[in-house]
Amino acid sequence: MVPESVRWLVKNGQETKAYKILKKMGGEEYAAFEVKNIRQTISTEHVAHVNFKELLNSKILKLIALGVFLAFLQQWSGINVVIYYASDIFQAAGFNLQEMMVQIVAIGLVMFLSVFVTIFTVEKLGRRKILLLATFLMAVVYGLIGGGFYTGNTGTTVVVLMLVNVMLYSLSLAPLFWVVLSEIYPNRIRGAAMSIGATAHWLANFLLTFSFPAIKETIGWANNFWLYGLICLTGFFVLFRFLPETKGKTLEDIERELAG
Amino acid sequence: MNNKPKFNQRYIWMITFAAAMGGFLFGYDFVVIGGAKPFYEPFFDLVTVTQRGWGTSSAIVGCIVGAIICILLSDTLGRKRLLILSGFLFALSAMGTALAESFFAFNAFRMIGGVAMGAALNLVPMYISEIAPAEKRGILVTINQLMIMIGILAAQVVNLLISKFDTELIASPTTQMIRESWSGQLGWRWMFGAEVIPAIIFFFTDVHGS
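## A few points about the overall build of chain B
Here comes step 1: Of regular secondary structure, chain B possesses eight helices and zero strands.
Here comes step 2: Sequence-ordered secondary structure for chain B, helices as α and strands as β, is α-α-α-α-α-α-α-α.
Here comes step 3: For chain B, the spread of C-alpha atoms along the principal axes amounts to about 75 × 35 × 25 Å.
Here comes step 4: Expressed as a percentage of its 210 residues, the buried residues of chain B come to 58%.
Here comes step 5: Here the analysis covers contacts within chain B between residues at least 6 apart in sequence; of these, 81% occur between residues at least 24 apart.
Here comes step 6: Entry remark: accessible area of chain B is about 8,700 Å², with carbon and sulfur atoms responsible for 72%.
Here comes step 7: Of the charged side chains in chain B, 14 are positive and 12 negative; the average position of the first set lies 12 Å away from that of the second.

## Some details on the nonpolar core
Here comes step 1: In this structure, Ile145(A), Phe149(A), Phe225(A), Tyr40(B), Phe44(B), Phe106(B) and Trp188(B) are the most contacted members of the largest nonpolar core, which totals 155 residues.
Here comes step 2: When residues of this core are assigned to domains, at least three fall in each of domain 1 (6–46) and domain 2 (53–258) of chain A.
Here comes step 3: Excluding anything up to four places from it in sequence, Trp188(B) contacts Ala36(B), Phe39(B), Tyr40(B), Phe43(B), Phe44(B), Thr97(B), Ala100(B), Phe106(B) and Ser183(B).

## Some words on empty space enclosed by the protein
Residue and element names in this part refer to chain B.
Here comes step 1: For the coordinates displayed, the defined rule picks out two cavities of 30 Å³ or more.
Here comes step 2: Approximately 50 Å³ is the volume attributed to the largest cavity.
Here comes step 3: Lining the largest cavity are Gly66, Ile69, Cys70, Leu82, Leu85, Ser86, Leu89, Val115, Ala116 and Ala119.
Here comes step 4: Put simply, the parts of the chain that give the lining of the largest cavity at least two residues each are helix H2 (49–77), helix H3 (79–99) and helix H4 (103–131).
Here comes step 5: No other element matches H3, which puts four residues into the lining of the largest cavity.
Here comes step 6: Tallied by class, residues from the lining of the largest cavity come to eight nonpolar, two polar and no charged.
Here comes step 7: Counted as a void, the second largest cavity has a volume near 40 Å³.

## Let's talk about the domain arrangement of chain A
Residue and element names in this part refer to chain A.
Here comes step 1: Along its sequence, chain A is carved into domain 1 (6–46) and domain 2 (53–258).
Here comes step 2: Taking both partners together, domain 1 and domain 2 bury about 780 Å²; carbon and sulfur atoms supply 50% of that area.
Here comes step 3: Taken as a group, Arg7, Thr41 and His46 account for 61% of the area that domain 1 buries against domain 2, more than any other trio of residues on that side.
Here comes step 4: Glu252 serves as the salt-bridge partner of Arg7, at 2.7 Å between the closest nitrogen and oxygen.
Here comes step 5: Joining domain 1 to domain 2, the criterion identifies five residue pairs in polar contact (both at pLDDT 80 or more).
Here comes step 6: Contributing elements (two or more residues each) for the side of domain 1 that touches domain 2: helix H1 (6–11) and helix H2 (15–40).
Here comes step 7: Considering each element in turn, the side of domain 1 that touches domain 2 owes the most residues, four residues, to H2.
Here comes step 8: Residue composition of the side of domain 1 that touches domain 2, grouped by class: two nonpolar, four polar and three charged.

## A few points about the packing of aromatic side chains
Here comes step 1: This model, assessed by the stated rule, comprises 34 aromatic pairs over all chains.
Here comes step 2: Linked through ring pairs, Tyr40(B), Phe43(B), Phe44(B), Phe103(B), Phe106(B), Trp188(B) and Phe192(B) together constitute an aromatic cluster.
Here comes step 3: A cation over an aromatic ring shows up here: Arg241(A) above the ring of Phe242(A), its NZ or CZ 4.8 Å from the ring centre.
Here comes step 4: Positioned above the aromatic ring of Phe43(B), the side-chain terminus of Arg189(B) is 4.9 Å from the ring centre.

## Considering the state of the cysteines
Here comes step 1: For the structure shown, the criterion picks out zero disulfides over all chains.
Here comes step 2: Looking at Cys70(B), it has no disulfide partner, and the nearest cysteine sulfur is the one in Cys63(B), 11 Å off.

## A closer look at the interface of chain A and chain B
Here comes step 1: Listed by partner, the interface residues are 52 residues for chain A and 61 residues for chain B.
Here comes step 2: In this assembly, chain A packs against chain B so that about 5,200 Å² is buried in total across both faces, 67% of it on carbon and sulfur atoms.
Here comes step 3: At the surface where chain A touches chain B, the tally comes to two salt bridges.
Here comes step 4: If you look at where chain A meets chain B, you find 24 residue pairs in polar contact (both at pLDDT 80 or more).
Here comes step 5: The set of elements that each furnish at least two residues to the side of chain A that touches chain B consists of H1, H2, helix H6 (97–121), helix H9 (173–181), helix H10 (190–242) and helix H11 (251–258) of chain A.

## Details of the confidence of the model for chain A
Here comes step 1: In the predicted model, chain A carries a mean pLDDT of 92, and the fraction of residues at 70 or more is 100%.
Here comes step 2: Of all the helices and strands in chain A, helix H5 (residues 86–92) of chain A carries the lowest mean pLDDT, 77, while H9(A) carries the highest, 98.

## What to know about the packing of H9(A) against H10(A)
Residue and element names in this part refer to chain A.
Here comes step 1: One can describe the packing of H9 onto H10 by two numbers: an axis separation of 10 Å at closest approach and a directional angle of 155°. Relative to H10, H9 is oriented roughly antiparallel. Here H9 contributes Phe177, Trp178 and Leu181 to the contact with H10, which in turn contributes Met194, Gly197, Ala198 and His201.
Here comes step 2: The residue makeup of the contact of H9 with H10, split by class, is five nonpolar, two polar and no charged.

## Thoughts on the side chain of Gln145(B)
Here comes step 1: Assignment of secondary structure puts Gln145(B) in helix H5 (residues 137–165).
Here comes step 2: Since its relative accessible area comes to 11%, Gln145(B) is described here as buried.
Here comes step 3: Excluding residues that lie within four positions of it along the chain, Gln145(B) makes contacts with Val115(A), Ala174(A), Pro175(A) and Trp178(A).

## Structural notes on H9(A)
Here comes step 1: Within H9(A), nine of the nine residues are buried, leaving the element largely enclosed by the surrounding structure.
Here comes step 2: When H9(A) is considered as a whole, its buried residues turn out to be Leu173(A), Ala174(A), Pro175(A), Leu176(A), Phe177(A), Trp178(A), Val179(A), Val180(A) and Leu181(A).

Thresholds applied
Residues numbered from 1 in each chain as written. Chains lettered and ligands numbered in written order. Predicted model: local features only at pLDDT ≥ 70, side-chain atom pairs only at ≥ 80, totals over all residues. Heavy atoms only, no water. Helix = DSSP H or I, 4+ residues; strand = E, 2+ residues; numbered from the N terminus. Buried < 20%, exposed > 50% of the residue type's maximum accessible area, 1.4 Å probe, protein only. Contact = heavy atoms within 4.5 Å. Areas by Shrake-Rupley, 256 points an atom, 1.4 Å probe, with all protein chains shown as cover. Lys, Arg positive; Asp, Glu negative; His and termini not counted. Charge placed at Lys NZ, Arg CZ, Asp CG, Glu CD. Core = buried A, V, L, I, M, F, W, Y, C linked by side-chain atoms within 4.5 Å. Domains from an automatic or database assignment. 1 Å grid on protein atoms, 1.4 Å probe; cavity = no way out; pocket = protein on both sides within 12 Å on 5 of 7 lines; lining within 4 Å. Points joined across faces, edges and corners; volume = space filled by probe spheres on them. Nonpolar A, V, L, I, M, F, W, Y, C, P; charged D, E, K, R; others polar. Buried area = accessible area lost by both parts, 1.4 Å probe. Salt bridge = Lys/Arg side-chain N within 4 Å of Asp/Glu carboxyl O. Polar contact = N/O pair within 3.5 Å; in protein donor to acceptor, adjacent residues only side chain to side chain. Phe/Tyr/Trp six-rings, centres within 6.5 Å; stacked < 30°, edge-to-face > 60°. Lys NZ or Arg CZ within 6 Å of the ring centre and 35° of its normal. Disulfide = S-S within 2.5 Å. pLDDT = per-residue confidence, 0-100. Axes fitted to C-alpha atoms, helices over the stretch in contact; angles between N-to-C directions. Parallel < 35°, antiparallel > 145°, perpendicular 65-115°, else oblique.

Have a look at this one:
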């Protein structure tokens with residue numbers, strides 16, 4: 001049912017096994033082409049050998065920095081707070097318990113449906129366009145939510161805006177962090193490099209969950225949302241400058257472009 | 001390549017969904033705690049904020065460990081072996097948490113589940129990305145996100161059904177009443193225990209095949 005990853009197999013010197021799996025997927029010509037293509041990205045000294053020093057190579061370090069940035073952006077763009085502290089936020093916006101429960105269900109539904117938007121657009125628009133558009137719009141919406149809390153215009157408008165941002169996040173940063181992270185590292189060290197991004201994601205999650213009550217207490221609701229807006233805007237500019245488009249390219253072409 | 005290959009779509013999608021069961025388990029494990037919380041807390045007599053905090057977040061500690069294990073081992077052991085390991089740990093954790101008689105055992109098994117969660121969340125997209133044809137890679141990796149959402153939904157439905165099963169518990173019970181009820185004694189155990197079934201399926205589909 002689940003064969004070993006063909007790229008790991010080639011890296012580990014098991015080309016025959018990789019060829020068999022690829023042949024089952026796309027025929028002989030595809031299998032031969034892929035094995036050869038993957039093989040070209042792995043020098044003889046790298047076969048069946050893991051060199052963690054590779055991670056310190058300057059090109060790879062830059063890609064790891066991009067992964068860690070995306071991890072923090074995904075976690076600190078504020079949506080986890082909306083989800084974890086939904087009841088506090090909706091209470092602050094002036095809703096009772098029953099109304100809150102409905103809104104929490106609405107959050108789940110919006111997140112679920114948004115994934116389909118990603119599925120239908122990720123190979124057409126690409127990762128870059130979706131991420132840039134979403135981070136920019138999220139910044140604008142956070143600005144409005146902060147404004148709502150600042151002027152005391154909360155209520156339904158805030159809930160709708162919050163759901164808009166949950167949707168934007170769920171169709172962009174939530175899935176595409178993992179898509180991009182799984183694409184930008186070279187075959188020979190993808191496992192370690194990608195896992196560093198995943199570890200950073202948990203670290204960022206931990207820091208956010210623990211610091212949120214204190215941050216909110218100190219700066220208040222309005223500033224809190226403006227802070228997330230600022231984070232999203234920073235994310236937009238950093239990604240605009242540093243995020244490569246990986247749509248439609250083989251992992252090997254991406255590797256030659258970014259780490260070659 | 002001269003000709004565009006004709007892909008065996010069924011095979012590719014089957015592998016993707018089999019691997020993305022890891023995402024389903026992640027989603028389930030991530031939120032099952034929320035629905036079980038009102039019942040295991042009285043059972044273990046958790047009163048302080050620290051105790052309650054440990055109950056809900058012991059799995060997160062495991063998640064970090066799971067991700068770090070992947071830094072060290074995913075290139076050496078390969079993706080498949082670690083997916084098998086995470087399937088095993090998911091099943092072990094579901095069983096152990098369901099049968100826990102002490103709060104210490106409860107947290108220990110939740111942490112083991114956390115290791116599986118941290119590993120799966122990272123390994124599944126890595127794995128799918130590495131087997132997917134280039135023009136479908138983004139969609140196939142996103143399927144994992146879809147399965148996470150379905151796992152979350154499944155946990156919420158299972159929690160709701162199990163809590164409805166206890167017809168004797170009144171709408172606003174005291175802590176003492178919860179502790180003595182079916183929900184407080186056994187109900188929450190089934191919420192965690194139900195995960196054994198998808199975990200075992202995930203484990204065997206990972207073991208199977210070359």
